[in-house]
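Listed below are the residues making up each chain.
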Amino acid sequence: MIPGKFDYFSPTTLDDALSLLTEHGSAAKILAGGQSLIPAMRFRLATPDILIDINRVEGLDYIRETNGYLAIGALTREASLDKSELIRRKYSLLADTVKMIADPLVRNMATFGGNLAHADPANDHPATMLSYAARVVAQGPNGPRVIEIDDFFTGLFENSMAPNEILKEVQIPSPPPHSGGTYLKIERKVGDYAVAAVAVQLTLAGDTCSDIRIGLTNVAPVPMRAKNAEKALLGLALSDENIRAAGTAAAAECDPSADLRGPVEYKRDLVRTITIRAIREAIKRAKGESEA
Amino acid sequence: MNHTVSLTINGQPASREVEARLLLVHFIREELNLTGTHIGCDTSSCGACTVLLDGQAVKSCTVFAVQATGKQVETVEGMAANGLHPLQEGFWEKHGLQCGYCTPGMLMTAKAFLAENPQPTDDDIRWAISGNLCRCTGYVKIVEAIQHAAAKMREDQTASDSAGKTQNEEKVPS
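Residues numbered from 1 in each chain as written. Chains lettered and ligands numbered in written order. Predicted model: local features only at pLDDT ≥ 70, side-chain atom pairs only at ≥ 80, totals over all residues. Heavy atoms only, no water.

Caption draft 1: Highlighting the overall build of chain B. If you tally the helices and strands in chain B, you get five helices and five strands. Helices (α) and strands (β) of chain B occur, in sequence order from the N terminus, as β-β-α-β-β-β-α-α-α-α. Dimensions of chain B along its principal axes, counting C-alpha atoms only, are 70 × 45 × 25 Å. When contacts within chain B are restricted to residue pairs at least 6 apart in sequence, long-range pairs at least 24 apart make up 56% of them. When the accessible area of chain B is evaluated, it comes to approximately 8500 Å², of which 50% is carbon and sulfur surface. With 14 positive and 20 negative side-chain charges, chain B shows a separation of 3 Å between the mean positions of the two kinds. (Helix = DSSP H or I, 4+ residues; strand = E, 2+ residues; numbered from the N terminus. Contact = heavy atoms within 4.5 Å. Areas by Shrake-Rupley, 256 points an atom, 1.4 Å probe, with all protein chains shown as cover. Lys, Arg positive; Asp, Glu negative; His and termini not counted. Charge placed at Lys NZ, Arg CZ, Asp CG, Glu CD.)

See below:
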């Protein structure tokens, strides 16, 4: 279980990292927290010729709220997100998600940007960022480019960044008043990938759902939104019947595979159940009846 | 191509020429001959290889040695510098181990945890050690051991605070 040989670079500026990436192209991989990449290299599932370690690049580790959105630097550790009072108070869906990622030791190294760029449908942030309608800022040789999260995940372990771009920042729109969100994950044990998980972020206008986005984890080859489930509630009353219909829709539109975590039928029914539970919790939070 | 890894290990400087692909756990065990840090699952699941990197508990099987250049690394060998550490005493007193394989990792995780949370609940402790697997104890005795250490460390802190206070008072001219 020793990784293959590679050449190692440790630039201290984003420009230097981009130059190295432009020079070496797809032979190079970016090393951020390494908590997915290093195990993959040990199993020889990944054998990059070049590693560009960005851990010594300054200015990519921050959490700040500006101009109506929360900006998170790509190199921000999951542990920093977990400790953020701002996130706990205003971004409950993200706060819930971070607690469920791997385990506390892995979260000390793992980065937010790496979790997204890896584009693993079993990772937890993709569904949550889909649910938040987040934006990804990719930095290339010609400057930054904004990618809507709906256009970011293009396949299993594939995203829409060019080979010479580095994920620099993620922007999460600040939820308007009367909003609530939650992440509900079923896992066999701490540190395991989800059997299934659901991210819900919604906004209320009286008893009507004026906005809702739902993301699903590890029940499709690509991180996905449950758009039919969203339609079952968008602009409609938050009745028990509509909430149940959303759960049924999510179960129908996901595309899980049978594995050690369970057969397809079980996973679909799990998606139905946790979608209903998550929507109910998100509504409670939007009404201020439940704390994150 | 080899790289120079220069770091501080348990307060002492160390420097070696190694391949970039050498993992920190192998650097510690094979280059520095500190075999208290264990290798368990080798896939960042079990936490037996936990060390402190600039004070943060990390799994050293999932960090390259070159990444630790310029950093402070602390292993279980560094704990008993002045007699047994309160955590080691706690594991002794409360029987916090059976086979002992997970213990160095548990100790390092607990050390970083108690530095942040000196007065934890049992649930806080279970949450903190959720990345460290023990197949013998069922965790009950490990939680007791960490509580024992937390209480001891709070006592020591209070004692040194009041000692400092007395000293300051004595400096005030009468």
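Okay, back to it.
Caption draft 2: Spatial organisation of the packing of aromatic side chains. Residues and elements named next belong to chain A. Here the structure, examined in full by the defined rule, presents three aromatic pairs over all chains. Taking the centre distance of 5.1 Å and the plane angle of 85° together, the rings of Phe 152 and Phe 153 count as edge-to-face. For the pair shown, Phe 152 and Phe 153 are each scored as buried. Over the face of the ring belonging to Tyr 62 we find Arg 64, whose NZ or CZ atom lies 3.9 Å from the ring centre. Here the basic side chain of Arg 135 rests over the ring of Tyr 69, its NZ or CZ set 5.3 Å away from the ring centre. (Phe/Tyr/Trp six-rings, centres within 6.5 Å; stacked < 30°, edge-to-face > 60°. Buried < 20%, exposed > 50% of the residue type's maximum accessible area, 1.4 Å probe, protein only. Lys NZ or Arg CZ within 6 Å of the ring centre and 35° of its normal.)

Caption draft 3: Structural context of the packing of helix 10 (residues 240-253) of chain A against helix 11 (residues 264-286) of chain A. Residue and element names in this part refer to chain A. Packing of helix 10 against helix 11 brings their axes to within 8 Å, and their N-to-C directions diverge by 140°. Here helix 10 is positioned oblique relative to helix 11, judged by the angle of their axes. Here the hand of the crossing between helix 10 and helix 11 comes out right-handed. Across the interface between the two elements, Asp 240, Ile 243, Arg 244, Ala 246, Gly 247, Thr 248, Ala 250, Ala 251 and Ala 252 from helix 10 touch Arg 268, Val 271, Arg 272, Thr 275, Ile 276, Ile 279, Arg 280 and Ile 283 from helix 11. Classifying every residue of the contact of helix 10 with helix 11 by side-chain character gives nine nonpolar, three polar and five charged. (Axes fitted to C-alpha atoms, helices over the stretch in contact; angles between N-to-C directions. Parallel < 35°, antiparallel > 145°, perpendicular 65-115°, else oblique. Left-handed = near helix turned anticlockwise from the far one by under 90°. Nonpolar A, V, L, I, M, F, W, Y, C, P; charged D, E, K, R; others polar.)

Caption draft 4: Fine view of the side chain of Gln 35 of chain A. Inspection of the secondary structure puts Gln 35 of chain A in the loop between strand 2 (28-31) and helix 2 (37-42). Residue Gln 35 of chain A is classed as buried on the basis of its relative accessible area of 12%. Among the polar contacts listed, one links the side chain of Gln 35 of chain A to the backbone oxygen of Gly 33 of chain A, at a separation of 3.1 Å. A distance of 3.2 Å separates the side chain of Gln 35 of chain A from the backbone oxygen of Thr 62 of chain B, its partner in a polar contact. Residues within four places of Gln 35 of chain A in sequence aside, it is in contact with Val 106, Met 109 and Ala 110 of chain A together with Thr 62 of chain B. (Polar contact = N/O pair within 3.5 Å; in protein donor to acceptor, adjacent residues only side chain to side chain.)

Caption draft 5: Structural context of the pattern of salt bridges. All told, the structure shown has 28 salt bridges over all chains when counted by the stated rule. Across the pair Asp 259 of chain A and Arg 261 of chain A runs a salt bridge, and its minimum N-O distance is 3.8 Å. Classification of Asp 259 of chain A by relative accessible area gives partly exposed; the value is 36%. Look at Arg 261 of chain A and you get buried, because its relative accessible area is 18%. Its salt-bridge partner being Lys 141 of chain B, residue Glu 144 of chain B comes within 3.4 Å of it at the nearest N-O pair. Taken as a pair, Glu 144 of chain B and Lys 141 of chain B lie in helix 5 (residues 140-171) at a separation of three residues, close to a single helical turn. For Glu 144 of chain B, a relative accessible area of 32% gives the class partly exposed. A relative accessible area of 35% places Lys 141 of chain B in the partly exposed class. When salt bridges with common partners are traced through the structure, they connect Arg 188, Asp 192, Asp 259, Arg 261 and Lys 267 of chain A into a single cluster. (Salt bridge = Lys/Arg side-chain N within 4 Å of Asp/Glu carboxyl O.)

Caption draft 6: Seen up close, helix 1 (residues 14-24) of chain A. All names here are of chain A. Along helix 1, the residues that are buried comprise Leu 14, Ala 17, Leu 18, Leu 20 and Leu 21. Relative to the axis of helix 1, the buried residues are bounded by an arc of 160° and lie together on one face. Turned more than 90 degrees off the buried face of helix 1, the exposed positions are Asp 15 and Glu 23. Following helix 1 by one or two positions, Gly 25 has its phi on the positive side, about 60°. (Arc of directions from axis to C-beta.)

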